[in-house]
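Topology and contacts: notes
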Amino acid sequence: MGKAEGAAATVLDRYRSPIIIALAGLLAAAVVALVIQRQDEPKGVEITLADLTPTPGGAIEVYVTGAVTQPGVYQMRDGDRVIDVLYEAGGHAADADLESVNLALRLHDEDQVLVPRVGQALVSSGATSGVAGVVNAKIDINSANAQELDVLPGIGEVYSERIVASRLSDGPYVTAEELVERRIIPNSTLEQIRTLIIVGQ
């Protein structure tokens, strides 16, 4: 070994520990810097199966009347469709006019689904629901026959025949209150149908 090589080895031996300590310090500093950088980065969004599951709508009350097996008020879920509440009402009657009902229409709280019978005359109330049958239609008590009146809540066969008979014998109705004044139906029944009828001329 030459003098130059021996001198280099001596210097390396003398400063080996400080060099190792310096390199270790640089490595530790690099690790700390990397950890801090990772902490500053935005965290990814974790998506679970529960996040992808749609939350069902709240409970709503829907009134079904007309040509159905079991008319009444049914509790549904917001966003259910007309066909769903007809199923709850026992299905449609044999003479139901389903052609005039949009079975795919979504329901909302306080909706009233009126399923008309074949040939039943419905008079528009001016509201717009996009479907005949979800009440936005009213029955004219001065032109409807007994079968058409029968679909109204609380009326039934007896009252519907009385309404028609009084109209023929005592003349057309001027106001809806005449149904009570002529002793055809009780006031409680009038309140049930008041928003569903009109008095045509």
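Further up the page is the structure itself.
Throughout what follows, the structure given in this document is the object of discussion.

Each value, and the rule that gives it
- In this convention, every chain numbers its residues from 1, walking through the sequence in written order.
- Local features are withheld for residues below a pLDDT of 70 in this predicted model, meaning they are given only at 70 or higher, and side-chain atom pairs are given and counted only at 80 or more; totals for whole chains, interfaces and linings count all residues.
- For side-chain calculations, the full set of non-hydrogen atoms in the structure is used, while hydrogens and water are omitted.
- Buried, partly exposed and exposed residues are distinguished by accessible area as a fraction of the type maximum, computed with a 1.4 Å probe on protein chains only: under 20%, between the cut-offs, and over 50%, respectively.
- Only DSSP runs of H or I covering at least 4 residues are called helices, and only runs of E covering at least 2 are called strands; the numbering of each starts at the N terminus.
- Only strands that DSSP links by at least two bridges are regarded as paired with each other.
- To define axes, lines are fitted to C-alpha atoms, for helices over the stretch in contact only, and angles between the resulting N-to-C directions are given on a 0 to 180 degree scale.
- Throughout this description, the term salt bridge denotes a Lys or Arg side-chain nitrogen within 4 Å of a carboxyl oxygen of Asp or Glu.
- Residues adjacent in sequence count toward polar contacts only when both atoms are side-chain atoms; beyond that, a polar contact is any pair of N or O atoms within 3.5 Å, and within protein one must be able to donate a hydrogen and the other to accept it.
- In this description, contact between two residues means that some pair of their heavy atoms is separated by no more than 4.5 Å.
- Working rule for helices: expected span equals 1.5 Å times residues minus one.
- By definition, the arc is the one covered by directions from the helix axis to the C-beta atoms.

Before going further, it helps to spend a moment on the pairing of strand 3 (residues 112–115). Burial of strand 3 is two-sided: the residues Gln112 and Leu114 facing one way and the residues Val113 and Val115 facing the other way are all buried. In terms of strand pairing, strand 1 (residues 59–66) meets strand 3 through four bridges, oriented parallel. For Tyr63, the partnering residue across the bridge sits in strand 3 and is Gln112.

Quick look at the sheet that holds strand 2 (residues 72–77) now. Ordered in space as 2-1-3, the three strands form an open sheet in which the pairing is mixed. Looking along the sheet, the strands with just one partner apiece sit at the ends: strand 2 and strand 3. Pairs of neighbouring strands in the sheet enclose a mean axial angle of 30°, with direction left out of account. The pairing of strand 1 with strand 2 spans six bridges and is antiparallel. Residue pairing in the sheet places Ile60 in a bridge with Met76 of strand 2.

What follows deals with the pattern of salt bridges. Overall, the coordinates contain four salt bridges when judged by the stated rule. Between Glu177 and Arg194 there is a salt bridge, and its shortest N-O distance comes to 2.6 Å. Taken as a pair, Glu177 in the loop between helix 5 (156–170) and helix 6 (178–181) and Arg194 in the loop between helix 7 (187–193) and strand 6 (197–198) lie far apart in primary sequence, 17 residues in all. Here Arg194 falls in the partly exposed class, since its relative accessible area comes to 30%. Between Arg182 and Glu178 there is a salt bridge, and its shortest N-O distance comes to 2.7 Å. Since its relative accessible area comes to 14%, Glu178 is described here as buried. Three or more residues are tied together by salt bridges with common partners; here these are Glu177, Glu191 and Arg194.

Turning our eyes to something else, we now look at the environment of Val101. Among the secondary structure elements, Val101 is positioned in the loop between helix 3 (82–88) and strand 3. Take Val101: its relative accessible area is 7%, and that puts it in the buried class.

Here we take up unusual backbone geometry. A positive phi angle, near 60°, is found at Arg183, a position not held by glycine. Within the fold, Arg183 resides in the loop between helix 6 and helix 7. By relative accessible area, Arg183 is classed as exposed at 75%.

Another aspect to go through is the side chain of Asn142. Inspection of the secondary structure assignment puts Asn142 in the loop between strand 5 (137–140) and helix 4 (146–149). The buried category is assigned to Asn142, whose relative accessible area is 16%. Within the structure, Asn142 has its side chain in polar contact with the backbone nitrogen of Tyr173 (distance 2.7 Å). Within the structure, Asn142 has its side chain in polar contact with the backbone oxygen of Gly200 (distance 2.6 Å). Once residues within four sequence positions are removed from consideration, Asn142 is found in contact with Arg167, Pro172, Tyr173, Val199 and Gly200.

Take helix 5 next. Between its first and last C-alpha atoms helix 5 spans 21 Å; for 15 residues at 1.5 Å apiece the expected length is 21 Å, and the two agree. Looking only at helix 5, the buried set comprises Ser160, Ile163, Val164, Ser166 and Arg167. Here the buried residues of helix 5 occupy an arc of 160° about the axis, which is enough to place them on one side. Projecting away from the buried face of helix 5 at angles above 90 degrees are the exposed residues Glu157, Val158, Leu168, Ser169 and Asp170. Just downstream of helix 5, Gly171 is the residue with a positive phi angle, here 95°.

Taken by themselves, the reported measurements are silent on function.
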